[in-house]
Amino acid sequence: MKTDVQVAVIGGGIVGASVLYWLSRLGWTDTLLLERRELTSGSTWHAAGNTTYFGPYPKMTALFAGSIRTYLQAQEASGQSVSFHQTGSLRLAATERELELFHAYAPRYEALGIPFHIRSPQEVAELHPFIDTSGIHGAAHTPTDGHVDPTGATTALAKAARQNGAAVERQCPVTAIRQDGGQWLLDTAIGQVTAQNVVVATSFWAREMLAPLGLNLPIYPTQHHEIITETLPEVAALDAELPAMRDSWVSCNVRQERDGLLIGIYEKSPEFWALDGIPPDFKEELLPPNIDPLMPHLERLMTRMPLFADAGIKVANNGPFCMTPDGLPLIGPVPQMQGLWLATGFNVGIGTGGGSAEILANWMVSGQPPKGMAAIHADRFGNDMTKDAALDAIRGVYARGYELPDAI
Ligand SMILES: Cc1cc2nc3c(=O)[nH]c(=O)nc-3n(C[C@H](O)[C@H](O)[C@H](O)COP(=O)(O)OP(=O)(O)OC[C@H]3O[C@@H](n4cnc5c(N)ncnc54)[C@H](O)[C@@H]3O)c2cc1C
């Protein structure tokens, strides 16, 4: 085992694996990823894997596009499939205003080189036969996005990084981090590791992990549901996979999962989880589902997609994921702590993990911060946000779900 490295990455979810991969691509291979249990043990294993290109912020869209590109590159390098389904996505315009915003976004997609089309309700019906288009004004169509298999992608990234010379230690929790002169000392299950740089990619575990260093990260585990239906004969009869659908009126996303539907919901009153500390024995577990708060959304979905009204629910998965007060991840160096980097706070870590890792790895290797990415800098909240203020902000950002900012 390597015990003295240039970079130790802590956390083997999609984000940690992406960072390890990107560092290795840029020539930093004196690296070691330390994972408490198995790769994907945190939120990654139960994610739906959706990676959409739609969004109001071009820089974030670039992160999504960079992520799919990263996973496909890792697939090619490693031979491990990431199961990319290029279904495309439809973001419905539930209001006239949303349609106006979509038109305003179009030139940005052209600048990014990402196909983006405004579709009429009739065209939406042709692309997605199960959407009742009577209540919509059209849709934004991003035909080249879709979904990946998060476990396949994490495995491909780790495998490709190892091929480049990086090391991965599983079943190896880091129990303490401290700075010693110009280096970092990590207590791990298999002894002390010395590193010039440490990347903390431990999602909602990062808050407790870094508290002993005096850091107060405003990140908290939040419960999130996805519902998978039984097989629907109408879906089974399709010749091609449906595009994903996102809708601010329902506050949900829906994509095809085998011959049924997979629905992710952003309800109005999200519940947190483990606010007094992550249970030390938390494994690859789901939380008990709480369907009642989802019902108003599911009822709207029956209107928007009448087929859903006939669907049996196969499973309701409730998993924790990591939220920050503005819904964006924390990426970059920690001020006053030379060599300590964050890659945490991801609630759409499959969609943005690969692209974020590219940015972080370039930042570490070049020493230059990325241009125009202040929105995701690790230090943007300062160190004194109260727990109540952070939880309030998270509740708001989660409840707004698919609402778009009014500013163009
Ligand atoms: C129901 C549901 C559906 C979702 N669907 C999507 C989706 O469609 N698209 C999308 O983009 N996102 C989705 N997400 C969110 C996504 O799962 C997360 O954003 C993403 O997995 C976060 O990745 P991560 O690597 O930051 O964290 P994690 O996957 O949680 O990885 C963190 C890792 O750190 C390890 N770790 C913690 N402490 C230590 C320690 N002391 N030492 C060593 N290792 C440690 C953990 O074991 C874990 O493996 C979904 C989430 C849920 C709950």
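Residues numbered from 1 in each chain as written. Predicted model: local features only at pLDDT ≥ 70, side-chain atom pairs only at ≥ 80, totals over all residues. Heavy atoms only, no water.

Colleague: Please provide a residue-by-residue account of the overall build of the chain, values included.
Modeller: Broken down by element type, the chain carries 10 helices and 18 strands. Relative to the globule expectation of 22 Å for 408 residues, the C-alpha radius of gyration of the chain, 21 Å, shows essentially globular dimensions. Summarising its shape, the C-alpha atoms of the chain cover approximately 65 × 40 × 40 Å along the three principal directions. The buried share among the 408 residues of the chain stands at 56%. Across the chain, the fraction of contacts at a sequence separation of at least 24, relative to all contacts at a separation of at least 6, is 78%. For the chain, the centre of its 28 positive side-chain charges and the centre of its 43 negative side-chain charges are spaced 5 Å apart. (Helix = DSSP H or I, 4+ residues; strand = E, 2+ residues; numbered from the N terminus. Rg over C-alpha atoms; globule rule 2.2 N^0.38 Å. Buried < 20%, exposed > 50% of the residue type's maximum accessible area, 1.4 Å probe, protein only. Contact = heavy atoms within 4.5 Å. Lys, Arg positive; Asp, Glu negative; His and termini not counted. Charge placed at Lys NZ, Arg CZ, Asp CG, Glu CD.)

Colleague: Quick one: what's the story with the site of the ligand, residue by residue and with numbers?
Modeller: In the region of the ligand, 35 residues are neighbours, and Glu35, Ser43, Thr44, Gly349 and Gly351 sit closest. A distance of 3.0 Å separates an oxygen atom of the ligand from a polar atom in the backbone of Val15. Phe346 is positioned such that a nitrogen or oxygen atom in its backbone is 2.9 Å from an oxygen atom of the ligand. Notes on the ligand: free accessible area 1000 Å², of which the protein chains cover 97%. Elements that contribute at least two residues to the shell around the ligand include exactly α1 (14-25), β12 (220-229), β16 (313-323) and α9 (349-366). It is α9 that contributes the most residues to the shell around the ligand, 3 residues altogether. Of the residues belonging to the shell around the ligand, the class tally is 15 nonpolar, 17 polar and 3 charged. Each of two domains, domain 1 (4-80 + 149-218 + 325-384) and domain 2 (89-146 + 221-323), supplies a minimum of three residues to the shell around the ligand. (Near = heavy atom within 4 Å. Polar contact = N/O pair within 3.5 Å; in protein donor to acceptor, adjacent residues only side chain to side chain. Areas by Shrake-Rupley, 256 points an atom, 1.4 Å probe, with all protein chains shown as cover. Nonpolar A, V, L, I, M, F, W, Y, C, P; charged D, E, K, R; others polar. Domains from an automatic or database assignment.)

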